[in-house]
Amino acid sequence: MEATIEDLKALGHPVRWRILRLCLDRAFTNKELSVELDLAPATTLRHVRALVKTDFLVAEPVCTGEHGALQRPYRATARTRGLIIPPDDSGLAQQVDLAVLGAHRTELIAAGKDSGRGAKRGVLRLRPESVDALHRRIEALIAEYADEADGEPLSYLWSLVARPPLDPDPRENNGTDTIDRSP
């Protein structure tokens, strides 16, 4: 399913991705989320409401908290799985990409120095059809590994980014003489 403008706006903040990851494994109340994320409850509620409005989070039945107060837990709907982020001219798609990276970075730091399970970075030059094939192969590979109830909770990040074009190397003049020889 292709993301709407409202979806992109809702997913354009790293805190919202962190909320979605937390609420995927179990339901959290706004208070629990604010403690976990070290944010003011009002700030957390603003993020939660944006995710509920776009169906990325769903409210569960109200329950009684530790001091008798009524609380509403929230759980992630996993609606982001398979969500297609279309390219756009507004910058919202890039904002979502940066939010995902920011959330992943924060989680890596919070998990501690021994949390890494491997990272690879490299550069490629691919034609569009090869990019499509690579995406399909990665998606198929990830699909082979279904969630294992007793497995270690892990987070993965697959990112393919176009590198900005470089200006031509001024040392390579392609056989033309660029030296000014005027008197």
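Model, not experiment: these values are computed from the prediction. Here the residue numbers are simple positions, counted from 1 along each chain's written sequence. It should be noted that, the model being predicted, local features are given only for residues of pLDDT at least 70 and side-chain atom pairs only at 80 or more, the latter also being counted only at that level, while totals for whole chains, interfaces and linings use all residues. Each side-chain value is worked out from all heavy atoms of the structure, with water and hydrogens disregarded.

Trainee: For this particular structure, what's the right way to read the nonpolar core?
Mentor: In summary, soluble globular proteins display a tendency toward joint burial of nonpolar side chains. By size, the foremost hydrophobic cluster in this structure holds 24 residues, and its most contacted members are Leu 11, Trp 17, Ile 19, Leu 20 and Leu 57. Elements with a contribution of two residues or more to this core: α1 (5-10), α2 (14-25), α3 (30-37), α4 (41-53), β5 (73-76) and α5 (92-111). Throughout, a contact is declared for two residues whenever any of their heavy atoms are within 4.5 Å. Setting aside residues no more than four positions away along its own chain, Trp 17 makes contact with Leu 11, Thr 80, Val 96, Ala 99, Val 100 and Ala 103. The set of buried Ala, Val, Leu, Ile, Met, Phe, Trp, Tyr and Cys residues whose side-chain atoms join them within 4.5 Å is what this entry labels a nonpolar core. Exposure classes here rest on a 1.4 Å probe applied to the protein chains alone. A residue is buried below 20% of its type maximum, exposed above 50%, and partly exposed in between. Going along the chain from the N terminus, every DSSP run of H or I of four or more residues is numbered as a helix, and every run of E of two or more is numbered as a strand.

Trainee: Honestly, the packing of aromatic side chains in this entry has me stumped. Any pointers?
Mentor: Given two aromatic rings, their pairing is described by the distance between the two centres and the angle made by the two planes. We call Phe, Tyr and Trp rings a pair once their centres come within 6.5 Å, taking the six-membered ring for Trp, and we label the pair stacked below 30 degrees between planes, edge-to-face above 60, and tilted otherwise. Considering all chains together, one arrives at zero aromatic pairs under this definition. When the NZ atom of lysine or the CZ atom of arginine is within 6 Å of a ring's centre and also within 35 degrees of its normal, the charge is said to sit over that ring. The ring of Phe 28 carries Arg 26 above its face, with NZ or CZ at 3.8 Å from the centroid. Across the ring face of Phe 56, the terminal group of Arg 79 is positioned such that the distance to the ring centre comes to 4.4 Å.

Trainee: It is not clear to me how the packing of α2 against α3 should be interpreted in this structure. Could you clarify?
Mentor: Between two packed helices, the angle of one axis relative to the other and the distance separating the axes together describe the packing. It is the contact of α2 with α3, at a shortest axis distance of 11 Å, that shows an interaxial angle of 115 degrees. Between α2 and α3 lies a crossing whose hand is right-handed. Of the residues in α3, those touching α2 at Val 15, Arg 18, Ile 19, Leu 22 and Cys 23 are Leu 33, Glu 36 and Leu 37. Ten residues, namely Ala, Val, Leu, Ile, Met, Phe, Trp, Tyr, Cys and Pro, are considered nonpolar, four, namely Asp, Glu, Lys and Arg, are considered charged, and the remaining ones, Gly among them, are considered polar. Classifying every residue of the contact of α2 with α3 gives six nonpolar, no polar and two charged. To get an axis, fit a line to the C-alpha atoms, keeping to the stretch in contact for a helix; angles then go from 0 to 180 degrees between the N-to-C directions. Handedness of a helix crossing follows the sense of rotation of the near helix relative to the far helix, less than a right angle counterclockwise being left-handed and clockwise being right-handed.

Trainee: Even after reading the chapter, I still don't get the side chain of His 104, so can you show me in this structure?
Mentor: Relative to the helices and strands, His 104 resides in helix α5. Not counting residues within four places of it along the chain, the set of residues in contact with His 104 comprises Arg 21, Ser 155, Tyr 156 and Leu 157.

Trainee: Sorry, what's going on with the state of the cysteines here?
Mentor: When the sulfur atoms of two cysteines share a covalent bond, that bond is a disulfide. Throughout, a disulfide means two cysteine sulfur atoms within 2.5 Å of one another. On inspection of all chains with the given rule, the structure shows zero disulfides. Among the cysteines around Cys 23, which has no disulfide bond, Cys 63 carries the closest sulfur, lying 13 Å off.

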